[in-house]
Each structure stands twice: as structure tokens, then as C-alpha cells.
Amino acid sequence: ENWLHKMSEALMDEFEDVSSQEKRFMKLWNKFMKSHTVTADRVLPSKCTEFFRKHVDDLIKSNLRQEWLLHLCNLWDFGLISSSHVFACVTEFDKEVR
């Protein structure tokens, strides 16, 4: 699986129209999701919370709040998480920053 992560990251680095911040966030998210079995959309809210708790230090240190928020908004836009879950995740992020 390690080779798969490396290949995925190398392919992500080839995108020229994606910022380095977006790439960093997506690498964290993809690695997390590949290491967790998600069999139904209904578990995505808890996976978002689990991802945040596991990577909170990386997200804050790398200043990835905007990328986290945009990702949550995309998940909401596709009906995968609720607006209240987006709010809860962002609120939790902001509490950690303080």
C-alpha cells in the first residue's frame, strides 16, 4: 500500500492548477481515506471528525483551514454531510487554534 500512496501523491503533484496548500490537504485526506474502509455515505460525517482529530496539528501548522472548509463545503454540496456538521467541524477547528 505504501507504493500506492507514493504513486497517488506523485500524480497529485503533477496538477499545475492546484495550489500547494490544496495538494497538501488532499494528500492528507486521501491517505486517511485509503487507510479507512468507508462502505456507506452515512459514515462520512464521523470520518470527517476522525480525520480532523487525527490531523488537527498538521491542519493548523500548515494553515489549511481554508482547504478544510472548502472540502467540507464540497461534501455538503454533494449531500454527504449536513450544514450543521460543517459548522461543528469548523467551530472545532477554530477552538483548537485559540
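This is a predicted model, so every value here is computed, not measured. (Residues numbered from 1 in each chain as written. Predicted model: local features only at pLDDT ≥ 70, side-chain atom pairs only at ≥ 80, totals over all residues. Heavy atoms only, no water.)

Novice: Residue-level account of the pattern of salt bridges, with values.
Specialist: Considering all chains together, one arrives at four salt bridges under this definition. Between D58 and R24 there is a salt bridge whose closest N-O contact spans 3.9 Å. Placement of D58 in helix α3 (residues 44-61) and of R24 in helix α2 (residues 20-34) is noted, with a sequence separation of 34 residues between them. A salt bridge links R53 to E92; the nearest nitrogen and oxygen atoms lie 3.2 Å apart. With R53 in helix α3 and E92 in helix α5 (residues 83-97), the pair connects residues that are 39 residues apart, well separated along the chain. (Salt bridge = Lys/Arg side-chain N within 4 Å of Asp/Glu carboxyl O. Helix = DSSP H or I, 4+ residues; strand = E, 2+ residues; numbered from the N terminus.)

Novice: Describe helix α4 (residues 65-77), with residues and values.
Specialist: The end-to-end C-alpha separation of α4 is 18 Å, in line with the 18 Å expected for 13 residues at 1.5 Å each. For α4, the full list of buried residues reads E67, W68, H71, L72 and L75. The arc that holds every buried residue of α4, seen down its axis, measures 135°, which confines them to one face. Facing away from the buried surface of α4 by more than 90 degrees, the exposed residues are Q66 and D77. Elements in contact with the buried residues of α4: α2, α3 and α5. In the stretch just after α4, G79 is the one whose phi turns positive, near 75°. (Expected span 1.5 Å × (residues − 1). Buried < 20%, exposed > 50% of the residue type's maximum accessible area, 1.4 Å probe, protein only. Arc of directions from axis to C-beta. Contact = heavy atoms within 4.5 Å.)

Novice: Go over α3, please, and point to the residues and values.
Specialist: With 18 residues, α3 extends 24 Å from end C-alpha to end C-alpha; this agrees with the ideal 26 Å at 1.5 Å per step. At H55, α3 shows its largest kink, close to 70°. Residues of α3 that are buried: L44, K47, C48, T49, F51, F52, H55, V56 and L59. Those residues of α3 that are buried lie in contact with α2, α4 and α5. Of the residues one or two after α3, N63 is the one with positive phi, at around 55°. (Bend = angle between axes of the 7 residues up to and from the residue.)

Novice: Report on unusual backbone geometry, specifying residues and quantitative values.
Specialist: Positive phi, close to 55°, is recorded for N63, a residue that is not glycine. On the secondary structure map, N63 appears in the loop between α3 and α4.

Novice: Describe in detail the confidence of the model for the chain, supporting the description with residues and values.
Specialist: Per-chain confidence: the chain averages 89 in pLDDT, with 97% of residues scoring 70 or above. Across the chain, α4 holds the top mean pLDDT of 96, while helix α1 (residues 2-13) sits lowest at 73. (pLDDT = per-residue confidence, 0-100.)

Novice: Lay out the environment of C89 with the relevant residues and their values.
Specialist: With respect to the secondary-structure elements, C89 resides in helix α5. Residue classification places C89 among the buried residues on the basis of a relative accessible area of 3%. If near-sequence neighbours (up to four positions away) are discounted, C89 is found in contact with C48, T49, W68 and L72.

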